[in-house]
Amino acid sequence: MNIESADPRARQRQELFAGVRDTAPLLLGAFPFGLIYGALAASSGLSATAAMLMAICVFAGSSQFIAIGLVAAHTPVAIIVFTTLIVNLRHMLYSATLLPYLRHLPQKWRIPLAFWLTDETFAVTIHRFQRDDDSPYKHWYQLGSSLAMYLNWQFWCLLGLLLGTRIPDAQAWGLDVAMPVTFIGMLIPFVKSKPVAVCVLTAGAASLLTWQLPYKLGILVATFAGITAGLLAQRISNRLINQSDCR
Amino acid sequence: MSGEEWMMIAGMSAVTFGIRYFLFAVADRLQLAPWLLDSLKFIPPAVLTAITVPAVVLPNGEWNLSPANPYLIAALVSLVAGVASRNLLLTITAGLLAFFAHRLLW
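Novice: Tell me about the overall build of chain B, and name the residues and values.
Specialist: When helices and strands are tallied, chain B shows 5 helices and 0 strands. Its C-alpha radius of gyration of 20 Å places chain B more than 25% over the 13 Å reference for a compact globule of 106 residues. In terms of overall dimensions, chain B has a C-alpha envelope of 55 × 50 × 25 Å along the principal axes. Scored against the burial criterion, the 106 residues of chain B give a buried share of 46%.

What follows is the structure, given as structure tokens:
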């Protein structure tokens, strides 16, 4: 062990910056969304203060977009809040996955890490937690990723709001392509086994059968279809391995 | 800011944080069954796929499974680039470049 790694503060800082570094590519994927969010908010009838406060307090890209669309359509507040609930339910799956790695932490850690939990931070951080070393500071890595995502999102939302209506037709530029290509980049490292491949193919097929469900419920249905298929595939492959062992 | 806007933001913040925090809050008292623990590793790839596939195959909410669909081309290019390079930044950049090249040339 070298002297540097014996110093807890230095190791915490190392983890923090590693989290920022590994999240950096995803910041690129978030920037067009922040800009479009700001531009759309300006035309939806939502005040600029409210749009910015939403980015600061809610910090959930997809539900912010949906809320703006609903505001523009004069939807009652209760429906907007309910839609947010459904659209964000997938985050509970993320916290379930992180649970074994964070349960030993005090609430003063769990609360901010929960507040900052996004698709991106989750996808990056879970690889760090699953890596086979006994670093007791992996939550610092998640903190680094969280802070990078949060500050980046606020910056682009603010810029989008300031430029606001001066960005003509921001939606028609097709900048929303950043989301699928970012997600594909996040997806690839997970597909390491046949059961996961089965899970991905099933979730993809199911998402095309369920995309018309209201409140983006199709995402949840397709996710559960993928998980079930993955579990079944794993069970079958385990059985095949056991059989060949007995021979 | 209007009262309605305050209510909307308060409500959205509460449900979003509630969903993200609920399991963390009760983590000490929670024991997950073995099959649930087994299923956790399928969650990230399943969610990412379920969000991405419709965004690519049905951009703007209409089926478009043809080479004329720039989202589909961008996705395929980033998939190939990602599998070949295993580099996140390269995956995203390749997809974005393919998208804008397609829009310019098609």
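This is not the end of the story, as more comes after the structure.
Novice: Outline the overall build of chain A, supporting the account with residue identities and numerical values.
Specialist: When its secondary structure is counted, chain A shows 12 helices and 0 strands. Projected onto its principal axes, the C-alpha positions of chain A cover 70 × 55 × 30 Å. Within chain A, the fraction of its 247 residues that count as buried is 47%. Considering only residue pairs separated by 6 or more positions, chain A has 77% of its internal contacts joining residues 24 or more positions apart.

Novice: Pulling in residues and values, what's your account of helix α5 (residues 77-87) of chain A?
Specialist: Turning to α5(A), its buried residues number three or more, namely Val77(A), Ile80(A), Val81(A), Thr83(A), Thr84(A) and Val87(A). The buried residues of α5(A) occupy an angular sector of 160 degrees when the element is viewed end-on, so they sit on one face. Turned more than 90 degrees away from the buried face of α5(A) sit Ala78(A) and Ile79(A), all of them exposed. Tucked into the core, α5(A) has its buried residues touching α4 (61-72) of chain A together with α1 (3-25) of chain B.

Novice: Explain helix α5 (residues 88-105) of chain B to me, using residue names and the numbers behind them.
Specialist: An ideal rise of 1.5 Å per residue puts 26 Å on 18 residues; α5(B) measures up with 26 Å between its terminal C-alpha atoms. Of all the residues in α5(B), the buried ones are Leu88(B), Thr91(B), Ile92(B), Ala94(B), Gly95(B), Leu96(B), Ala98(B), Phe99(B) and His102(B). Buried residues along α5(B) sit against α2 (8-44) and α10 (178-187) of chain A together with α4 (70-85) of chain B.

Novice: I'd like a rundown of the packing of α10(A) against α5(B), residues and numbers included.
Specialist: In contact at an axis separation of 9 Å, α10(A) and α5(B) are set at 150 degrees when each is read in the N-to-C sense. Between α10(A) and α5(B), the angle falls in the class roughly antiparallel. Of the two elements, α10(A) crosses α5(B), and the hand of that crossing is right-handed. Between α10(A) and α5(B), the contacting residues are Ala178(A), Val181(A), Thr182(A), Ile184(A) and Gly185(A) on the first element and Leu88(B), Thr91(B), Ile92(B), Gly95(B) and Leu96(B) on the second.

Novice: How would you explain the environment of Val80(B) if you had to name every residue and give the values?
Specialist: With respect to the helices, strands and loops of the structure, Val80(B) is situated in helix α4. Separated by 11 residues in the primary sequence, Val80(B) and Thr91(B) have C-alpha atoms spaced 8.2 Å apart.

Novice: Help me get a handle on the environment of Met1(B), residues and values and all.
Specialist: Along the chain, the position of Met1(B) falls in the segment before α1. Sequence-distant contacts of Met1(B), that is, excluding residues within four places in its chain, are made with Ser47(A), Thr49(A), Ala50(A) and Trp6(B).

Novice: Go over the interface of chain A and chain B, please, and point to the residues and values.
Specialist: Taken together, the contact between chain A and chain B spans 69 residues of the former and 57 residues of the latter. Top contributing element to the side of chain A that touches chain B by residue count: α10(A), with 10 residues. Here the residues of the side of chain A that touches chain B sort into 49 nonpolar, 17 polar and 3 charged.

Novice: Lay out unusual backbone geometry in plain terms, naming residues and giving numbers.
Specialist: Residues and elements named next belong to chain B. Even without glycine at this site, asparagine 60 takes up a positive phi of about 60 degrees. With respect to the helices and strands, the residue asparagine 60 is situated in the loop between α3 (43-57) and α4. When the 9 C-beta atoms within 10 Å are taken as the criterion, asparagine 60 is described as exposed. The phi angle at arginine 86 is positive, at roughly 55 degrees, despite the residue not being glycine. Relative to the elements of secondary structure, arginine 86 occurs in the loop between α4 and α5. Arginine 86 sits in the exposed class, given 12 other C-beta atoms within 10 Å.

Novice: Describe the confidence of the model for chain B, naming the residues involved and giving the relevant values.
Specialist: All names here are of chain B. Looking at chain B, pLDDT values average 93 and 100% of them are 70 or higher. Within chain B, α4 carries the highest mean pLDDT (97), whereas helix α2 (residues 34-40) carries the lowest (87). In the model output, the complex is listed with pTM 0.87 alongside ipTM 0.92.

Novice: Help me get a handle on the nonpolar core, residues and values and all.
Specialist: Soluble globular proteins tend to pack their nonpolar side chains together in the buried interior. In this structure, Cys199(A), Met12(B) and Ala74(B) are the most contacted members of the largest nonpolar core, which totals 99 residues. The element that contributes the greatest number of residues to this core is α2(A), accounting for 11 residues.

Novice: Describe the environment of Ala55(B), listing the residues and the values that go with them.
Specialist: Structurally, Ala55(B) is set in helix α3. When the C-alpha atoms of Ala55(B) and Phe100(B) are compared, they prove to be 17 Å apart, with 45 residues separating the residues in sequence. In contact with Ala55(B), other than residues within four places in its own chain, are Met179(A), Pro180(A) and Tyr71(B).

The rules behind these values
Residues numbered from 1 in each chain as written. Chains lettered and ligands numbered in written order. Predicted model: local features only at pLDDT ≥ 70, side-chain atom pairs only at ≥ 80, totals over all residues. Helix = DSSP H or I, 4+ residues; strand = E, 2+ residues; numbered from the N terminus. Rg over C-alpha atoms; globule rule 2.2 N^0.38 Å. Buried ≥ 20, exposed ≤ 12 C-beta atoms within 10 Å, placed from the backbone. Contact = placed C-beta atoms within 7 Å. Arc of directions from axis to C-beta. Expected span 1.5 Å × (residues − 1). Axes fitted to C-alpha atoms, helices over the stretch in contact; angles between N-to-C directions. Parallel < 35°, antiparallel > 145°, perpendicular 65-115°, else oblique. Left-handed = near helix turned anticlockwise from the far one by under 90°. Nonpolar A, V, L, I, M, F, W, Y, C, P; charged D, E, K, R; others polar. pLDDT = per-residue confidence, 0-100. Core = buried A, V, L, I, M, F, W, Y, C linked by C-beta atoms within 7 Å.

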